[in-house]
Amino acid sequence: MTPPAGTATNRSRRLIVGNWKMNLTHADTVGYLQKLARGLPARYYHNVEVVVLPPFTAIRSAQTMVLSDGFMMTYGAQDVSQHESGAYTGEVSGAMLAELRCRYVVVGHSERRQHHHEDDTVVNAKVRAALAHGIPPILCVGEGLEVRDADSHIGHCTAQLTAALEKVIPEEAATVVVAYEPVWAIGTGRVAGPSEAQEVCAALRTTLGELYGQTVAGAVRVLYGGSVKSDNIGEIVAERDIDGALIGGASIDPDEFAKLCAIAAGGSLR
Ligand code: 13P
């Protein structure tokens, strides 16, 4: 059901991605995926693509379980090195993630931009490193509170998008997933209203159209992230330019995540 990495997918199937951040061990991952598989019946996957992003230490466990037990969710990574290989202590390369068959990799998360000082140049290098190994990046953009208060959020986010895609060719750009994550909404419980999120996601799609034309702009999945839960996912994915969500805190509990995925698929779980 999941297309091979590097292939543009159908926007009619929503994309729900659980970014576990620095939570859940290798051992926790086994129990989590079993619970998620039990909690989200196969029929939901016709309408929703479900992805989990464990820490690096648990990706191999996820791979083994998905392959051996035939689970329908896929998995990816939370970051990738901009470098191919060599003396970069602590880094993990695109080739290593490709060997583990990571379906996606997050690039440019605001926590990396903030705590690891990753600027647009580094984010662009990471986007290209992921694409070089056929792994679609989930490219995060988003504004802080001062930028939002100054009403500069659209320009800020579209500039981040443009910088991150420098020297990316249209065929590759069509496989990129863009995630709008306003920094003020991450882990704060303060979710952007659906129309606020739609406004920025539509502007990001317009920018993709300017850079690559309408075919690419129409193919790229644009997600919203920031305090998404089962209570608000329905209204978020109902917006025209929002194709799914990137979820932090609410993805840590497999029951809540299964519920959220079911709602995104247009159904519900008891
Ligand atoms: P929360 O869902 O915890 O706000 O985190 C969002 C996020 O940063 C996902 O990448």
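Residues numbered from 1 in each chain as written. Predicted model: local features only at pLDDT ≥ 70, side-chain atom pairs only at ≥ 80, totals over all residues. Heavy atoms only, no water.

Participant: Looking at this model, I keep getting lost on the site of the ligand. Mind explaining?
Facilitator: Around the ligand, the surrounding shell holds 13 residues, and the nearest of these are Lys-21, His-109, Gly-187, Ser-227 and Gly-249. The contact in question runs from an oxygen atom of the ligand to an N or O atom on the side chain of Asn-19, over 3.0 Å. At 2.8 Å from an oxygen atom of the ligand is found a side-chain nitrogen or oxygen belonging to Lys-21. In terms of residue class, the shell around the ligand is made up of four nonpolar, seven polar and two charged. (Near = heavy atom within 4 Å. Polar contact = N/O pair within 3.5 Å; in protein donor to acceptor, adjacent residues only side chain to side chain. Nonpolar A, V, L, I, M, F, W, Y, C, P; charged D, E, K, R; others polar.)

Participant: Help me understand the sheet that holds strand S2 (residues 48-53), please; the structure alone is not making it clear to me.
Facilitator: Strand pairing in a sheet relies on backbone hydrogen bonds, with the paired strands running either antiparallel or parallel. Reading across the sheet, the eight strands line up as S3-S2-S1-S8-S7-S6-S5-S4 and stay open at both edges, with parallel pairing between neighbours. Strands with a single pairing partner mark the edges of an open sheet, and in this sheet they are strand S3 (74-75) and strand S4 (105-107). Set on the sheet, helix H7 (residues 153-164) makes contact with strand S5 (137-141) and strand S6 (177-180); between it and S5 the angle comes to about 145°. (Pairing = 2+ DSSP bridges. Helix = DSSP H or I, 4+ residues; strand = E, 2+ residues; numbered from the N terminus. Contact = heavy atoms within 4.5 Å. Axes fitted to C-alpha atoms, helices over the stretch in contact; angles between N-to-C directions.)

Participant: How should the confidence of the model for the chain be read in this particular structure?
Facilitator: Low pLDDT marks stretches whose predicted atomic positions should not be read closely. Confidence in the prediction for the chain averages 94 pLDDT; 96% of positions are at 70 or higher. In the predicted structure, residues 1-8 sits below a pLDDT of 50 and forms 20 contacts with residues beyond four places in sequence or in another chain. (pLDDT = per-residue confidence, 0-100.)

Participant: Would you mind showing me how to read the packing of aromatic side chains here?
Facilitator: Aromatic rings considered in pairs are described by the distance between their centres and by the relative angle of their planes. Inspection of the entire model under this criterion finds two aromatic pairs. Pairing Trp-20 with Tyr-32 gives two aromatic rings, centres 4.4 Å apart and planes at 55°, and the pair type is tilted. Of this pair, Trp-20 sits in the loop between strand S1 (14-19) and helix H1 (26-39) while Tyr-32 sits in helix H1, and the two are 12 residues apart along the sequence. (Phe/Tyr/Trp six-rings, centres within 6.5 Å; stacked < 30°, edge-to-face > 60°.)

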